[in-house]
Amino acid sequence: MDAQFSTLTRIKDFVGPQGWTEDPDLIAPHLIEWRDRWSGTAPILLMPASTAEAQMILSQCHEAGLAVTTQGGNTGLVGAQIPRGEVLISTKRLNAIRSIDPVDDALVAEAGVILTQVQDAARQIGKRFPLSLASEGSATIGGLISTNAGGVHVRRHGMMRAQILGLEAVLPNGSLYEGLSALRKDNTGYDLKQLFIGAEGTLGLVTAATLKLVAQPRHTTVALLALETPAQAVELLHRLEAETAAVAAFEVMNHLGVTLALKNIANVRVPFSDLSPWLALVEFEGPNADLIETVEVALASALEAGLALDAVVAQNEAQAKSFWYLREEMSACQKPEGVAAKHDVSVPVSKIPVFLTLADAAAEKVAPGARIVAFGHCSDGNIHYDVIQPSAMSAETYKALVPQMNEAIHDVAMSFNGSISAEHGIGISRRDEFLRREPEANLVLMRAIKASFDPKNIMNPRVLL
Ligand SMILES: Cc1cc2nc3c(=O)[nH]c(=O)nc-3n(C[C@H](O)[C@H](O)[C@H](O)COP(=O)(O)OP(=O)(O)OC[C@H]3O[C@@H](n4cnc5c(N)ncnc54)[C@H](O)[C@@H]3O)c2cc1C
């Protein structure tokens, strides 16, 4: 305890009064996740304002064998950012955009910069950082890197992994990985930066990254389509891609999800008089002013071919935003309905319809009357498949069934060679299942990598492995 006390005293002296707090009221918001699924404790909150301060903190913690948890915007969905007694390091003061270069198409942001700040900075020079997800007003660059976040533009622009040119990270012993390159090509040995991406804070503390910018699309348009089946959605995706070459996002929502959004979320609107079994939200982008005509022609021919029941193209930005608002509230709208077993699965796109049929049957078997909200990134085969407690069942009874429900839904995804975590990560919520399902040879390799970066296991020690 004395060693811990003197280690923390040295750190406090180094980072100064702005760089730490032990005030429980100030620490409290960092100890709870927004859905109230995870809560924790931390003896101290450290807030380094520079890479050098982050290095000092980690070198001291390493020497004393003090475990740490790193936190960005606290929007992660698998509990990895919530400490359970570890020293908590927040990146909120690592908040500078260090540089932006329109010729290199590169922006260097520190780990605590919020995604919308990066998007705005890129927009100001006529460029774009195309990562986009519902938590973009709070999620940080460090967190998005560490979870290899996906979002709605993955089919066209890839996940976070594909959008990073370079990276700087403090290793668990305080030394620095200096890889802040803006190079598009570099075949000099192992691509070490990729190891930090998706590592969920277990290999080091990311302090900054070079992000890849793309051209700002000159024209965008958004359509909402009423569909009968998920099979129509898959066919429609390919038809619209072929006919417009402009599909940037293709999201789906089932009937119950839309119903609950209308019921539980203020200002949600749907432009159809009858609610169809599925809705698809399609965003198009392209360089030509006739994009909207191209889209309307493609939608008309899809309707004629019986691939949709109805379609509305947003007439202005406000309507486009209202379509997106509906999609973004798919998760929050479930909260008043009770306990939900949430799944972030992916399967090959062609298998989405059969996955949904089999998963519905599996869920019904575990908890008859369970209510299913299925939505997400159809164009990536990534479905957020949430199973809410049956109306007639108590929350306590359903909670006891959640592990069985998770197992059943994940078994269906795995039967198509799918994934039990398409974009949210493993964290602590999926750790046991991941360790059970992952082939032993893969785990041996991952543990060897972890041990070589973090032999004392001080970084996010309860996470992933
Ligand atoms: C409403 C909502 C919608 C979402 N939609 C999507 C979606 O469409 N697609 C998707 O992929 N995800 C989605 N997410 C989850 C997404 O993973 C997180 O929003 C985001 O990636 C985490 O960023 P954060 O800054 O909040 O990180 P945190 O939640 O603070 O941390 C997440 C993980 O990253 C680690 N970490 C954070 N910063 C660093 C750092 N600097 N160095 C090392 N490790 C670090 C933490 O230890 C933890 O393991 C959504 C979340 C919400 C709340």
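Residues numbered from 1 in each chain as written. Predicted model: local features only at pLDDT ≥ 70, side-chain atom pairs only at ≥ 80, totals over all residues. Heavy atoms only, no water.

**Student:** For the overall build of the protein, give the residues involved together with the corresponding values.
**Tutor:** Helix and strand counts for the protein stand at 15 helices and 19 strands. Since a compact globule built from 465 residues should have a radius of gyration of about 23 Å, the 23 Å found for the protein is in line with a globular shape. Its C-alpha atoms give the protein principal-axis dimensions of about 75 × 60 × 45 Å. Evaluated residue by residue, the protein yields a buried proportion of 55% over its 465 residues. (Helix = DSSP H or I, 4+ residues; strand = E, 2+ residues; numbered from the N terminus. Rg over C-alpha atoms; globule rule 2.2 N^0.38 Å. Buried < 20%, exposed > 50% of the residue type's maximum accessible area, 1.4 Å probe, protein only.)

**Student:** Describe the sheet that holds strand β9 (residues 176-179), with residues and values.
**Tutor:** Spatial ordering of the open sheet is given by β5-β6-β10-β8-β9, a layout of five strands whose pairing is antiparallel. The outermost strands of the open sheet, each flanked by one partner alone, are β5 (97-101) and β9. Between one strand axis and the next, the sheet turns by 15° as a mean value, whatever way the strands run. As judged from the six bridges shared by strand β8 (residues 164-170) and strand β10 (residues 205-212), these two strands associate in the antiparallel manner. Counted as the bridge partner of Ala169 is Val206 from β10. The strands touched by helix α3 (residues 51-64) are β5, β8, β9 and β10; relative to β8, the strand with the most contacts, the crossing angle is about 45°. (Pairing = 2+ DSSP bridges. Axes fitted to C-alpha atoms, helices over the stretch in contact; angles between N-to-C directions. Contact = heavy atoms within 4.5 Å.)

**Student:** Tell me about the pattern of salt bridges, residues and numbers included.
**Tutor:** This model, assessed by the stated rule, comprises 23 salt bridges. The closest approach of N and O atoms between Lys399 and Glu396, which form a salt bridge, is 3.8 Å. You can see Lys399 and its partner Glu396 sitting in helix α13 (residues 395-414), three residues apart, about one turn around the helix. Assessed through its relative accessible area of 48%, Lys399 is described here as partly exposed. With a relative accessible area of 56%, Glu396 lands in the exposed category. Glu407 is the salt-bridge partner of Arg437, the closest N and O atoms lying 3.6 Å from each other. Pair noted here: Arg437 is in helix α14 (residues 431-437) and Glu407 is in helix α13, with a separation of 30 residues, a long-range link. Within the structure, one salt-bridge network assembled from shared partners comprises Glu407, Asp411, Glu433, Arg436 and Arg437. (Salt bridge = Lys/Arg side-chain N within 4 Å of Asp/Glu carboxyl O.)

**Student:** Can you lay out the packing of aromatic side chains for me, pointing to particular residues and giving the numbers?
**Tutor:** Within this structure, the stated rule accounts for three aromatic pairs. Between Phe355 and Tyr385 the ring centres are 5.7 Å apart and the planes differ by 75°, which places this aromatic pair in the edge-to-face class. Taken together, the residues Phe355 in helix α12 (residues 352-366) and Tyr385 in strand β19 (residues 382-388) connect sequence positions 30 residues apart. In this structure, Phe355 and Tyr385 share a single accessibility class: buried. (Phe/Tyr/Trp six-rings, centres within 6.5 Å; stacked < 30°, edge-to-face > 60°.)

**Student:** Can you explain the environment of Gly143? Please cite residues and give values.
**Tutor:** On the secondary structure map, Gly143 appears in helix α5 (residues 141-146). Classification of Gly143 as partly exposed rests on a relative accessible area of 27%. Each C-alpha atom of the pair Gly143 and Ile114 lies 9.5 Å from the other, and the pair is 29 residues apart in sequence.

**Student:** Describe in detail the site of the ligand, supporting the description with residues and values.
**Tutor:** Near the ligand there are 35 residues, and of these Thr70, Thr75, Gly76, Ser135 and Thr140 occur at the shortest range. Here Asn74 contributes a backbone N or O atom positioned 2.9 Å from an oxygen atom of the ligand. The set of elements that each furnish at least two residues to the shell around the ligand consists of β3 (68-71), α5 and β10. When residues of the shell around the ligand are assigned to their parent elements, the largest contribution, four residues, is made by α5. Grouping the constituent residues of the shell around the ligand by class yields eleven nonpolar, 22 polar and two charged. A domain split of the shell around the ligand shows at least three residues from each of domain 1 (2-90) and domain 2 (97-215). (Near = heavy atom within 4 Å. Polar contact = N/O pair within 3.5 Å; in protein donor to acceptor, adjacent residues only side chain to side chain. Nonpolar A, V, L, I, M, F, W, Y, C, P; charged D, E, K, R; others polar. Domains from an automatic or database assignment.)

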